[in-house]
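So you can see what is in the structure, the chains are spelled out below.
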Amino acid sequence: MTPTPAYSLGVDIGGTKTLAALVDDFGRAARTFEAPTPASGGPTAILGTALRLAGLALAELPAGARPIDSVGIGSAGVIDRATGTVLSATSALVGWAGTDIRRAFQIAFPGLSVIVVNDVQAFIWAETVHSVAAGSTQVLGVMVGTGIGGGLVIDGRLHTGAHSAAGHLGHIVVAGAGGLPCPCGRDGHLESIASGPAMTAAYHRVGGTADDLRAVAAAAAEGDALARGILNTGADAVGSAIGSVANLLDPELIVIGGGVTGLGADWLGRVRRAAARTIIPAIGPLRIEPGLLGAGAVAIGAARLARPVPFPENGTP
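The rules behind each value
Note on numbering: residues in each chain are counted from 1, in written sequence order. Local features in a predicted model are, by the rule used here, given only for residues with pLDDT of at least 70; side-chain atom pairs are given and counted only at 80 or more, and totals for whole chains, interfaces and linings are based on all residues. The basis for every side-chain value is the complete set of heavy atoms in the structure, and neither hydrogens nor water enter the calculation. Grouping buried Ala, Val, Leu, Ile, Met, Phe, Trp, Tyr and Cys residues that are joined through side-chain atoms within 4.5 Å yields what is termed a nonpolar core. Only protein chains enter the accessibility calculation, which uses a 1.4 Å probe; a residue whose area is less than 20% of its type maximum is buried, one above 50% is exposed, and one in between is partly exposed. Helix and strand definitions here come from DSSP, where helices need a minimum of 4 consecutive H or I residues and strands a minimum of 2 consecutive E residues; each element is numbered from the N-terminal end. Here, axes are lines fitted to C-alpha atoms. For helices the fit covers the stretch in contact, and angles between N-to-C directions go from 0 to 180 degrees. Should an angle fall under 35 degrees it is called roughly parallel, over 145 degrees roughly antiparallel, and 65 to 115 degrees roughly perpendicular, with every other angle called oblique. Helix crossings fall into two classes, left-handed where the near helix is turned counterclockwise from the far one by less than a right angle and right-handed where it is turned clockwise. Throughout, a contact is declared for two residues whenever any of their heavy atoms are within 4.5 Å. Side-chain classes follow a simple rule in which Ala, Val, Leu, Ile, Met, Phe, Trp, Tyr, Cys and Pro form the nonpolar group, Asp, Glu, Lys and Arg form the charged group, and the remainder, Gly included, forms the polar group. Any two strands between which DSSP finds at least two bridges are classified as paired. Confidence scores labelled pLDDT are given residue by residue by the predictor and lie between 0 and 100. When the sulfur atoms of two cysteines come within 2.5 Å, that pair is taken as a disulfide. We call Phe, Tyr and Trp rings a pair once their centres come within 6.5 Å, taking the six-membered ring for Trp, and we label the pair stacked below 30 degrees between planes, edge-to-face above 60, and tilted otherwise. Salt bridges are counted wherever a side-chain nitrogen of Lys or Arg sits within 4 Å of a carboxyl oxygen of Asp or Glu. The sign given to each residue is positive for Lys and Arg and negative for Asp and Glu; His and the chain ends receive no count.

Caption draft 1: Examining the nonpolar core more closely. The biggest cluster of nonpolar side chains holds 42 residues, and the ones touching the most others in it are Leu190, Ile242, Ile254, Ile256 and Trp267. Of all the secondary-structure elements, those providing two or more residues to this core are β8 (139-144), β9 (148-154), α4 (191-194), α5 (196-205), α6 (213-221), α7 (225-249), β11 (253-257) and α8 (265-278). The greatest single-element share of this core, amounting to 10 residues, is contributed by α7. Ala39, Leu53, Ala57 and Ile101 belong to the second-largest nonpolar core, a separate cluster that totals 30 residues.

Caption draft 2: The packing of α5 against α6, seen in detail. Here α5 crosses α6 at 55°, and the two axes come no closer than 9 Å. Of the possible angle classes, the one that applies to α5 and α6 is oblique. Relative to α6, α5 is oriented so that their crossing is left-handed. Contact residues: α5 offers Gly196, Met199, Thr200 and Tyr203, while α6 offers Leu213, Val216 and Ala219. Residue composition of the contact of α5 with α6, by class: 5 nonpolar, 2 polar and no charged.

Caption draft 3: View of the sheet that holds β9. The strand order β10-β9-β8-β11-β12 describes an open sheet built from 5 strands, whose pairing is mixed. A single partner strand is all that each edge strand has here, and the edge strands are β10 (157-159) and β12 (287-290). Averaged over all pairs of adjacent strands, the angle between strand axes in this sheet comes to 25°, irrespective of strand direction. Examined bridge by bridge, β11 and β12 share 4 bridges and lie parallel to one another. Considered in β12, the bridge of isoleucine 256 is made with proline 290.

Caption draft 4: Structural detail: the confidence of the model for the chain. Residues with a pLDDT of 70 or more make up 96% of the chain, whose mean pLDDT is 93. Put simply, strand β3 (residues 29-36) is where the chain has its lowest mean pLDDT, 93, and helix α2 (residues 101-108) is where it has its highest, 98. Contacts for the low-pLDDT stretch residues 311-317, under 50 throughout, to residues beyond four places or in other chains number 22 contacts.

Caption draft 5: Spatial organisation of the environment of alanine 220. Note that alanine 220 resides in helix α6. A sequence separation of 148 residues divides alanine 220 from glycine 72, and the C-alpha atoms of the two residues are 39 Å apart.

Caption draft 6: Broad picture of the sheet that holds β3. One open sheet holds the 5 strands; their spatial order is β3-β2-β1-β4-β7, and the pairing between them is mixed. A strand with exactly one partner marks an edge of an open sheet, and here the two such strands are β3 and β7 (113-118). Averaged over all pairs of adjacent strands, the angle between strand axes in this sheet comes to 15°, irrespective of strand direction. The sheet contact formed by strand β1 (residues 7-13) and strand β2 (residues 17-24) spans 7 bridges and is antiparallel. Across the sheet, the residue bridging to isoleucine 13 is threonine 18, located in β2. In this fold helix α1 (residues 43-58) packs onto β1, β2 and β3, with an angle of close to 30° to the strand it touches most, β2.

Caption draft 7: Seen up close, the state of the cysteines. The final tally for this structure, using the stated rule, is 0 disulfides. Lacking any disulfide linkage, cysteine 182 is separated from the closest cysteine sulfur, that of cysteine 184, by 3.6 Å. Taking the relative accessible area as the measure of exposure, cysteine 182 reaches 7% and is therefore buried. Classification of cysteine 184 as partly exposed rests on a relative accessible area of 31%.

Caption draft 8: Region of the structure containing the packing of aromatic side chains. The tally for this structure, following the rule as stated, stands at 1 aromatic pair. Each ring, one from phenylalanine 105 and one from phenylalanine 109, has its centre 6.0 Å from the other, and the planes form 40°; the classification is tilted. By relative accessible area, which is 15% here, phenylalanine 109 ends up buried.

Caption draft 9: Main features of the environment of arginine 304. Mapped onto the elements of the fold, arginine 304 is located in helix α9 (residues 297-306). Note: C-alpha distance between arginine 304 and histidine 130 (174 residues apart in sequence) is 9.8 Å.

Caption draft 10: Quick peek at the pattern of salt bridges. Under the criterion given, the structure shown has 8 salt bridges. In this structure, aspartate 12 engages lysine 17 in a salt bridge whose closest nitrogen and oxygen atoms are separated by 2.9 Å. Residue classification places lysine 17 among the partly exposed positions, given a relative accessible area of 22%. The closest approach of N and O atoms between aspartate 212 and arginine 214, which form a salt bridge, is 3.1 Å.

Caption draft 11: Fine view of the side chain of glutamate 127. Mapped onto the elements, glutamate 127 comes out in helix α3 (residues 119-130). The side chain of glutamate 127 is buried and forms no salt bridge, while arginine 287, the nearest opposite charge, is found at 9.8 Å. Apart from the residues within four sequence positions on either side, glutamate 127 is in contact with Val132, Ala133, Ala134, Val255, Gly291, Leu292, Leu293 and Ala297.

Caption draft 12: Quick peek at the pairing of β9. Among the 7 residues in β9, 6 count as buried, and that is most of the element. Here β8 pairs with β9 via 6 bridges, running antiparallel. Note on β9: the bridge partner recorded for valine 139 is valine 153. Counting the residues that bridge the hairpin from β8 to β9 gives 3 residues. As defined by bridge partners, β9 adjoins β10 across 3 bridges and the pair is classed as antiparallel.

And the structure:
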């Protein structure tokens with residue numbers, strides 16, 4: 001007898017895009033809906049987009065499937081997992097700090113169990129349970145995009161830290177970023193020099209014209225040495241930061257995702273070489289792998305945290 005298919009709802013609220021998907025027990029994202037995040041519109045606009053997409057996904061539950069009983073949300077910012085509230089956030093999402101995401105979803109979808117976690121924590125949980133890090137128990141996840149974040153799996157469990165902020169790789173100090181403002185309000189952080197917006201801003205400072213990182217990458221591909229140097233500087237900074245954190249945590253592997261990974265093999269290769277120059281011999285060679293779940297990874301991880309399926313080899317959240 002064929003078992004009744006079961007799904008949970010996963011939502012990704014990022015600085016650039018918002019995505020909602022039905023996620024099955026095998027980590028497959030189906031019925032996916034996506035829209036740009038109205039990041040400058042404030043919490044009401046951001047939540048409105050997320051709730052609308054979630055409703056669209058729920059309406060597409062396949063015939064014969066069990067009713068959905070849970071929703072997991074992965075959001076940019078430091079998230080209090082106990083309350084589902086945004087403790088702090090960068091300026092990438094205007095007014096996001098203090099937003100009670102869980103309550104908004106409980107009101108909109110009564111009867112559903114709701115959990116909220118940081119988006120990179122959701123990303124690395126998905127990659128650990130269902131993808132490139134399956135079978136590993138010590139994993140560092142890194143997402144490089146509009147911002148730069150990290151997530152930790154330690155001893156097979158998602159580690160969020162004493163203040164729900166564990167893994168924030170983008171806010172460690174790196175060489176070359178001194179004096180450059182970070183969206184968190186400090187300066188000198190990795191995000192100040194290696195995120196997509198930071199590299200685009202750096203290109204503007206040297207006289208280049210580009211609307212976004214894709215345009216900077218196109219200029220580099222056409223032989224613009226200034227654009228190429230900025231991309232290389234960002235990759236070197238990411239690699240050295242990863243190597244430094246690896247020296248502290250000794251992970252089995254590091255999984256990288258986010259929009260900046262779209263720069264391709266040259267960027268990833270440079271990240272790997274910079275990390276190799278940084279790590280101590282006892283840790284190397286360090287595996288640094290791209291995530292395999294693509295744009296749906298955050299939604300998949302959040303859904304899996306909201307409705308855990310037993311994976312004894314990987315622990316439980």
